[in-house]
Structure formats: C-alpha cells, structure tokens
Amino acid sequence: MGVYGLLRINMELFPHAHSLFSPWLMVVGAMQIIYAASTSLGQQNLKKRIADSSVSHMGFIIIGIGSITDIDSGRQTINIII
C-alpha cells in the first residue's frame, strides 16, 4: 500500500520532483537491499528473517519506481498490484 501511494503521489502530483529525486530513490533502494539483507542473515528467528527479507525485496520496487518514466508508470502499477 505504501509503495502504491508513493507511486501515485510521486508521479501524478509532483512529476518535476520525481524527475529530480529519482536517482536518489535508486540509491536509497540499493542501500535498503544491502542493509536489510545483511540484517536478515544475522537473525536466528525464522519469522524475523523472512520479515527482513521482505523489506529487502521492497528495495527492488523502490529502484523500479526511481527508474520509471511516464510511459512505464502503467506497467509498474500493474506489477505492484500483481
């Protein structure tokens, strides 16, 4: 739900800001992938390990949001919903 909101607000209400900050979104997504994956490896509890892995996978979606253009927004929205 949060990623969908970020996509809709970012692309529709602030398209100029999205074009300025999209490289930073990709950097934050990459840092999130690395940090969450490294904390996931240190967890002994399986439930916490799966939760950290899910957070790590959200970094891939944030990188996808940072790399989309106006043409790709429809395809990314369908990808998030599915």
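Higher on the page you've got the structure.
Throughout this description, residue numbers start from 1 for each chain and increase along the sequence as written. Totals for whole chains, interfaces and linings use every residue, but because this is a predicted model, local features are given only for residues with pLDDT of at least 70 and side-chain atom pairs only at 80 or more, for both listing and counting. No hydrogens and no water enter the side-chain calculation; it runs on all heavy atoms of the structure.

Attention shifts here to the overall build of the protein. By definition, any uninterrupted DSSP run of H or I lasting at least four residues is a helix, any uninterrupted run of E lasting at least two residues is a strand, and each is numbered from the N terminus. Along the protein, the regular secondary structure elements total four helices and zero strands. Counted from the first residue to the last, the protein has its helices and strands arranged as α-α-α-α. Exposure categories follow from relative accessible area, calculated using a 1.4 Å probe and restricted to protein chains: below 20% of the type maximum is buried, above 50% is exposed, and the middle band is partly exposed. A burial count over the protein gives 24% of its 82 residues as buried. Only heavy atoms matter for contacts: two residues are in contact if any of them lie within 4.5 Å across the pair. Taking the contacts inside the protein whose residues are at least 6 apart along the sequence as the reference set, 65% of them involve residues at least 24 apart. Areas reported as accessible are Shrake-Rupley estimates using a 1.4 Å probe. Residue values count occlusion only from the protein chains shown. Summing over all exposed atoms, the protein offers an accessible surface of approximately 5800 Å²; the carbon and sulfur share of this is 70%.

Time to look at helix 3 (residues 46-67). One less than the number of residues in a helix, times 1.5 Å, gives the span that helix is expected to have. Relative to the 32 Å expected for 22 residues at 1.5 Å per residue, helix 3 spans 32 Å between its end C-alpha atoms, a close match to the ideal helical length. For helix 3, the full list of buried residues reads Asp52, Ser56, Gly59, Ile62, Gly64, Ile65 and Gly66. Whenever a nitrogen or oxygen atom comes within 3.5 Å of another N or O atom, the pair is scored as a polar contact, on the condition that within protein one atom can donate a hydrogen and the other can accept it, and that pairs from neighbouring residues in sequence are kept only if both atoms are in side chains. You can read the cap of helix 3 off the contacts: a side-chain oxygen lies 3.3 Å from the backbone nitrogen of Lys47, and it is on Asn45.

Attention shifts here to the packing of helix 1 (residues 2-13) against helix 3. Angles shown run from 0 to 180 degrees and are taken between the N-to-C directions of axes, each axis being a line fitted to C-alpha atoms and, for helices, limited to the stretch in contact. Two numbers describe how helix 1 lies on helix 3: the axes approach to 11 Å, and their chain directions differ by 10°. Taken together, the axis directions place helix 1 and helix 3 in an arrangement best described as roughly parallel. Residues Val3, Leu6 and Leu7 of helix 1 touch helix 3, and the partners they reach there are Met58, Ile61 and Ile65. Following the grouping adopted for this structure description, the nonpolar residues are Ala, Val, Leu, Ile, Met, Phe, Trp, Tyr, Cys and Pro, the charged ones are Asp, Glu, Lys and Arg, and the polar ones are all others, Gly among them. Along the lines of polarity and charge, the residues of the contact of helix 1 with helix 3 split into six nonpolar, no polar and no charged. The labels follow the angle: roughly parallel below 35 degrees, roughly antiparallel above 145, roughly perpendicular from 65 to 115, and oblique for the rest.

To continue, consider a nonpolar patch on the surface. Two distance rules govern patches: like charges are joined within 9 Å, and nonpolar side chains (Val, Leu, Ile, Met, Phe, Trp, Tyr) within 5 Å, applied only to residues with over 30% relative accessible area and no salt bridge. Think of a salt bridge as a Lys or Arg side-chain nitrogen and an Asp or Glu carboxyl oxygen that are within 4 Å of each other. The grouping of Leu20, Phe21, Trp24, Val27 and Met31 at the surface amounts to a nonpolar patch, some 570 Å² of accessible area in total. With respect to the secondary-structure elements, Phe21 resides in helix 2 (residues 15-42).

Soluble globular proteins tend to bury their nonpolar side chains together. By nonpolar core we mean a set of buried residues, namely Ala, Val, Leu, Ile, Met, Phe, Trp, Tyr and Cys, connected to one another through side-chain atoms within 4.5 Å. Core analysis: the biggest nonpolar cluster contains seven residues, these being Val3, Leu7, Met11, Leu25, Ile62, Ile65 and Ile68. Among the elements of the structure, helix 1 and helix 3 are those that each provide at least two residues to this core. When residues in this core are grouped by element, the largest group, three residues, is from helix 1.

So far we have only geometry, and geometry alone does not tell us how the molecule works.
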